[in-house]
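Summary of structural features
What follows is each chain in one-letter form.
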Amino acid sequence: MAIDSMVMIMFVLLALLLVAVLATVVVRNLLGSAILLAVTSTVVALILFVLEMKLAAVMELAVCAGLVTAIYASAISLSKPEQDEKRNVKAENRAWILRHLALPLILIALAVLVVFLVPQVPIDFGTAADAAGGAAGAASPTVQTVLWDLRMVDILSLALLILAGVLGVAALIGKREEK
Amino acid sequence: MLFTMFVVTIVLTAAAGIYSLIASQNLIRVLIAMELVNKGAALLIAIAGRISGQMAQAESFIIALIIVEVVVTAIGAVLAITIHAKTGSIEIGTLSLGKEADHVK
């Protein structure tokens, strides 16, 4: 019963994700698109939570749905693309609709292709998954062990990447302020 | 059935992102499209980890992916702002002008 409800929840979340992704691509307003991307991130976080990847779900929710949306909102407000969009709205709207007319057809064709080509693989939830994890559980490491012991070099690389990102942003903003 | 729905969702998410990446002219929209492709990749890693039983490995990969995504987004957003300050537009079509535009003027 509990497993059935988990599968139902997963179906609903996957359908919600598809709707959010389509809306993100199709919506013309940039700020609306960024907000819909945050909704997409939230649904992905919920899916990760249902898949029992709680640390990744929290990261996705806090960083992708929170921080990245703030970055996009700042970039959109600082670059003020609305002023550019006001020029000939009707013609641009028509071009926008024509450009995205092919999208539903492409996605439906891909969906049909995947349904026919992908084999059925069972995904276990709840007790079945716990039992499977329990069998290998004694040997399988936790996320903390993987991150801090097995993938220490990756963590160092990520720290360097964050440092490079911060320095890059600082350099670009500094260059802009000089001018 | 659930696995098929998962794969359909992953493929459509990545396809919508790639489509937007190709069709968009706006730099910020290109960044949003890259994020969508990343979401598809994250879900693919998650479901692969769930099926293979290597949840911890998959989770650490997703965390690394999220960090890389944020750094790319931050750099891309600042680049878009800088390009807007310089050229007055963030449309990709206008980026190739640069020095030639100065010569034309």
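Each remark here, short or long, concerns the structure printed above.
So, here is what we can say about the structure in this document.

1. A closer look at the overall build of chain A
- Of the regular secondary structure elements, chain A holds 9 helices and 0 strands.
- Counting from the amino terminus, chain A carries its helices and strands in the arrangement α-α-α-α-α-α-α-α-α.
- Residues counted as buried form 33% of the 179 residues belonging to chain A.
- Sequence-distant contacts, at least 24 apart, represent 62% of the contacts inside chain A between residues at least 6 apart.
- Surface accessibility of chain A: about 10,600 Å² in total, with carbon and sulfur atoms responsible for 74%.

2. With respect to the interface of chain B and chain A
- Across the boundary between the two partners, chain B contributes 61 residues, which contact 79 residues of chain A.
- Area buried by chain B at its contact with chain A is led by B:Y19, B:R29 and B:R50, which between them contribute 12% of it.
- Where chain B packs against chain A, one counts 2 salt bridges.
- Here B:K39 makes a salt bridge to A:E60, at a shortest N to O gap of 3.1 Å.
- Our count for the contact surface shared by chain B and chain A stands at 12 residue pairs in polar contact (both at pLDDT 80 or more).
- Broken down by element, the residue count for the side of chain B that touches chain A peaks at 27 residues, all from helix α3 (residues 55-87) of chain B.
- In terms of residue class, the side of chain B that touches chain A is made up of 41 nonpolar, 13 polar and 7 charged.

3. What to know about empty space enclosed by the protein
- Per the stated rule, a full pass over the model turns up 2 cavities of 30 Å³ or more.
- In this structure, the largest cavity spans a volume of roughly 40 Å³.
- Along its surface, the largest cavity is lined by B:L31, B:M34, B:E35, B:N38, B:E69, B:V72 and B:T73.
- Elements represented by at least two residues in the lining of the largest cavity include exactly α2 (27-52) and α3 of chain B.
- Here the lining of the largest cavity gets 4 residues from one element, more than from any other, and that element is α2(B).
- The class makeup of the residues in the lining of the largest cavity is 3 nonpolar, 2 polar and 2 charged.
- Taken together, A:T24, A:V25, A:S33, B:S20, B:R29, B:I32, B:A33 and B:L36 make up the full set of residues lining the second largest cavity.
- Elements supplying a minimum of two residues to the lining of the second largest cavity: α1 (2-26) of chain A together with α2 of chain B.

4. Some points on the packing of aromatic side chains
- All told, the structure shown has 0 aromatic pairs over all chains when counted by the stated rule.
- The ring of B:F61 is capped by A:R151, whose NZ or CZ atom sits 4.4 Å from the centre of that ring.

5. Comments concerning the nonpolar core
- A:I47, B:F6 and B:I28 are the most contacted members of the largest nonpolar core, which has 74 residues in total.
- In terms of residues, this core owes the most to one element, α3(B), which gives 14 residues.
- Filtering out sequence-adjacent residues up to four positions away, B:I28 remains in contact with A:L30, A:Y72, A:A75, A:I76, A:S79, B:A80 and B:I90.

So, how was this worked out
- Residues numbered from 1 in each chain as written.
- Chains lettered and ligands numbered in written order.
- Predicted model: local features only at pLDDT ≥ 70, side-chain atom pairs only at ≥ 80, totals over all residues.
- Heavy atoms only, no water.
- Helix = DSSP H or I, 4+ residues; strand = E, 2+ residues; numbered from the N terminus.
- Buried < 20%, exposed > 50% of the residue type's maximum accessible area, 1.4 Å probe, protein only.
- Contact = heavy atoms within 4.5 Å.
- Areas by Shrake-Rupley, 256 points an atom, 1.4 Å probe, with all protein chains shown as cover.
- Buried area = accessible area lost by both parts, 1.4 Å probe.
- Salt bridge = Lys/Arg side-chain N within 4 Å of Asp/Glu carboxyl O.
- Polar contact = N/O pair within 3.5 Å; in protein donor to acceptor, adjacent residues only side chain to side chain.
- Nonpolar A, V, L, I, M, F, W, Y, C, P; charged D, E, K, R; others polar.
- 1 Å grid on protein atoms, 1.4 Å probe; cavity = no way out; pocket = protein on both sides within 12 Å on 5 of 7 lines; lining within 4 Å.
- Points joined across faces, edges and corners; volume = space filled by probe spheres on them.
- Phe/Tyr/Trp six-rings, centres within 6.5 Å; stacked < 30°, edge-to-face > 60°.
- Lys NZ or Arg CZ within 6 Å of the ring centre and 35° of its normal.
- Core = buried A, V, L, I, M, F, W, Y, C linked by side-chain atoms within 4.5 Å.

Distances and angles like these do not, on their own, reveal function.
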